[in-house]
Amino acid sequence: MSELDTIIWALILALAFIGEMITVSFFLIFFSLGAAVALVVSLAGVGLVSQLAGFAAASLIGMAILRPAIVNRLSLRSGERYERHKGIVGRGAVVTEEIEPGGSGMVRVGRGEFWTARALHPGVRIEKGTRVRVLDSDGLTAFVEPLEEEEGEV
């Protein structure tokens, strides 16, 4: 029976590993890990109950401890990186599409660079035609604030 156990655990290990490579869900890999533990226990000549216990323990511990850490690390890397575009920071612009509170609009920087824009302070609405200053940028989104109108300016 030990030889059959070894073959079954090797087959489960291979199928789980192939399934993980196809789905990349970081779920089946832990069954593959459990099957590897059970395979080692089987090769040591220990009984089926110990093999099943090793399989269950390694699979569950891997899913409970390793999976959240792996998924978290991958999700942090897959997001857009913060990238400042220094060419427009500090420049004036005109709102060409109203910027809603918590939303985005459009601004024209200089003579014709159009940028998606968000208000620096999320609760602020900035009307179309308002002059703004670009305070920062992230990728292709400019963070702006309205310019204070000076006395005598209309």
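Residues numbered from 1 in each chain as written. Predicted model: local features only at pLDDT ≥ 70, side-chain atom pairs only at ≥ 80, totals over all residues. Heavy atoms only, no water.

Draft legend 1. Molecular detail of the confidence of the model for the protein. With 87% of its residues at a pLDDT of 70 or more, the protein shows a mean pLDDT of 85. Scored below 50 in pLDDT, residues 150-154 shows one contact in the model against residues more than four places distant or in partner chains. (pLDDT = per-residue confidence, 0-100. Contact = heavy atoms within 4.5 Å.)

Draft legend 2. Local environment of the nonpolar core. Judged by nonpolar contacts, the single largest core of 14 residues is most densely connected at I99, V107, V109, I126, V132, V134 and V144. Going through the elements one at a time, β1 (92-97), β2 (104-109), β3 (113-119), β4 (131-138) and β5 (141-146) are the ones with two or more residues in this core. When neighbours within four sequence positions are excluded, V134 is seen to be in contact with I88, V89, G90, R91, A93, V109, A142, F143 and V144. (Core = buried A, V, L, I, M, F, W, Y, C linked by side-chain atoms within 4.5 Å. Buried < 20%, exposed > 50% of the residue type's maximum accessible area, 1.4 Å probe, protein only. Helix = DSSP H or I, 4+ residues; strand = E, 2+ residues; numbered from the N terminus.)

Draft legend 3. Examining a nonpolar patch on the surface more closely. A surface patch of nonpolar side chains, amounting to about 480 Å² of accessible area, comprises L33, V37, I61, I65, L66 and I70. Of all the secondary structure elements, the ones that give two or more residues to the nonpolar patch are α2 (28-43) and α3 (48-78). Position of I65 among the secondary structure elements: in helix α3. Of the residues examined, I65 reaches a relative accessible area of 57% and is grouped as exposed. (Patch = residues over 30% accessible without salt bridge, like charges linked within 9 Å, V, L, I, M, F, W, Y side chains within 5 Å. Areas by Shrake-Rupley, 256 points an atom, 1.4 Å probe, with all protein chains shown as cover. Salt bridge = Lys/Arg side-chain N within 4 Å of Asp/Glu carboxyl O.)

Draft legend 4. Geometry of the pairing of β1. By the bridge criterion, three bridges tie β1 to β4 in an arrangement that is antiparallel. Within β4, the residue paired with V94 across the bridge is R131. The sheet contact formed by β1 and β2 spans four bridges and is antiparallel. The residue of β2 that forms the bridge with V94 is R108. Between β1 and β2, which pair antiparallel and follow one another directly, the connecting turn spans six residues, one of which, G102, has a positive phi of 75 degrees. (Pairing = 2+ DSSP bridges.)

Draft legend 5. Geometry of the environment of L147. Note that L147 resides in the segment after β5. Here the alpha-carbon distance between L147 and V132, two residues 15 residues apart in the chain, equals 5.0 Å. Beyond its immediate stretch of four places on either side in the chain, L147 contacts R131, V132 and R133.

Draft legend 6. Local environment of the pattern of salt bridges. Within this structure, the stated rule accounts for three salt bridges. One salt bridge in this structure joins R91 and E113, with 3.5 Å as the shortest N-O distance. Of this pair, R91 sits in the loop between α3 and β1 while E113 sits in strand β3; the two residues are 22 residues apart in sequence, bridging distant segments of the chain. Taking relative accessible area as the criterion, R91 reaches 32% and is therefore assigned partly exposed. Of the charged contacts, one joins E100 and R125 as a salt bridge, the two residues approaching to 2.6 Å between their closest N and O atoms. One end of the pair, E100, is in the loop between β1 and β2; the other, R125, is in the loop between β3 and β4, and 25 residues separate them in sequence. For E100, a relative accessible area of 35% gives the class partly exposed. For R125, a relative accessible area of 42% translates into the label partly exposed. Among the ionic contacts, a cluster of salt bridges with common partners joins E98, E100 and R125.

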